[in-house]
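# Coordinates in review
For reference, the chains in residue letters:
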Amino acid sequence: MTLTIVLLGAAALIGIGLYGALSQQSFVMLMMGLELMLNGALLAAIGLWSLALGGMPEGQLLAIVVMAVMAVEMAVGFALVVAIYRKRQADMTESIGTLAG
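Report follows, based on the coordinates. (Residues numbered from 1 in each chain as written. Predicted model: local features only at pLDDT ≥ 70, side-chain atom pairs only at ≥ 80, totals over all residues. Heavy atoms only, no water.)

A few words now on the overall build of the protein. Within the protein, the secondary structure is distributed over three helices and zero strands. Shown N-terminal to C-terminal, the secondary structure of the protein runs as helices and strands in the order α-α-α. The proportion of buried residues among the 101 residues of the protein is 22%. Summarising the internal contacts of the protein: among those between residues at least 6 apart in sequence, 59% fall at separations of at least 24. Surface summary for the protein: the accessible area is close to 6,800 Å², and the carbon and sulfur share equals 74%. (Helix = DSSP H or I, 4+ residues; strand = E, 2+ residues; numbered from the N terminus. Buried < 20%, exposed > 50% of the residue type's maximum accessible area, 1.4 Å probe, protein only. Contact = heavy atoms within 4.5 Å. Areas by Shrake-Rupley, 256 points an atom, 1.4 Å probe, with all protein chains shown as cover.)

Put into C-alpha cells, the structure is as follows:
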C-alpha cells in the first residue's frame with residue numbers, strides 16, 4: 001500500500017466527515033462527522049509517520065494515545081448531549097437557542 005492511497009483514504013474520511021458535520025442537524029450525527037474527520041487526520045499522520053520513520057513505534061504509540069483522547073472526547077460530548085436533552089428535550093441543533101439557562 002502506497003502513501004498516496006493512504007492519503008486519499010484520509011482525505012475521503014475528512015471530506016465525508018466534513019459533509020456529515022455541516023449537513024446534519026442531529027447532535028449524534030454531528031459528533032459522528034467530527035469523529036470521522038479526526039480519524040482521517042489520524043490516518044494521514046500514521047501514513048506519514050510510517051513513511052518518515054520506517055515503521056518505528058513512536059508514531060504508533062502516539063496514534064494510540066490520540067485514539068484514547070478521542071474516546072474520552074466523545075464520551076464527554078455524548079454526556080453533554082444527554083444533559084441538554086434532559087433539560088430542554090432538544091435533540092436537534094436548531095432546537096436550542098443558547099447553552100445558558
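Still more ground to cover, so stick around.
On to the packing of helix H2 (residues 27–53) against helix H3 (residues 57–88), then. Angle between the axes and distance between the axes: these two values describe a pair of packed helices. At a closest axis distance of 10 Å, the pairing of H2 and H3 adopts a crossing angle of 175 degrees. When the interaxial angle is binned, H2 and H3 end up roughly antiparallel. The residue inventory of the contact of H2 with H3, partitioned by class, reads 17 nonpolar, three polar and three charged. (Axes fitted to C-alpha atoms, helices over the stretch in contact; angles between N-to-C directions. Parallel < 35°, antiparallel > 145°, perpendicular 65-115°, else oblique. Nonpolar A, V, L, I, M, F, W, Y, C, P; charged D, E, K, R; others polar.)

By size, the foremost hydrophobic cluster in this structure holds five residues: Phe 27, Met 31, Met 74, Val 81 and Ile 84. With residues near it in sequence (within four places) discarded, Met 74 still touches Met 31 and Glu 35. (Core = buried A, V, L, I, M, F, W, Y, C linked by side-chain atoms within 4.5 Å.)

Turning to the environment of Gly 77, a few remarks are in order. Its place among the elements puts Gly 77 in helix H3. Taking relative accessible area as the criterion, Gly 77 reaches 14% and is therefore assigned buried. Along the sequence, Gly 77 and Met 31 sit 46 residues apart, while their C-alpha atoms lie 7.7 Å from each other.

Now for H2. Between the first and last C-alpha of H2 there are 38 Å, a value that for 27 residues agrees with the 39 Å anticipated at 1.5 Å per step. Residues of H2 that are buried include every one of Phe 27, Met 31, Gly 33, Glu 35, Gly 40, Leu 42, Ala 44 and Gly 47, and no others. The elements touched by buried residues of H2 are helix H1 (3–23) and H3. Gly 54, located one to two residues past H2, shows a positive phi value of around 70 degrees. (Expected span 1.5 Å × (residues − 1).)

A word on the side chain of Glu 35. Among the secondary structure elements, Glu 35 is positioned in helix H2. In this structure Glu 35 is buried but unpaired, with Arg 86 as the nearest side chain of opposite charge at 21 Å. Setting aside residues up to four positions removed in sequence, Glu 35 forms contacts with Met 70, Glu 73 and Met 74. (Lys, Arg positive; Asp, Glu negative; His and termini not counted. Salt bridge = Lys/Arg side-chain N within 4 Å of Asp/Glu carboxyl O.)

In short, shape yes, function no, at least from these values alone.
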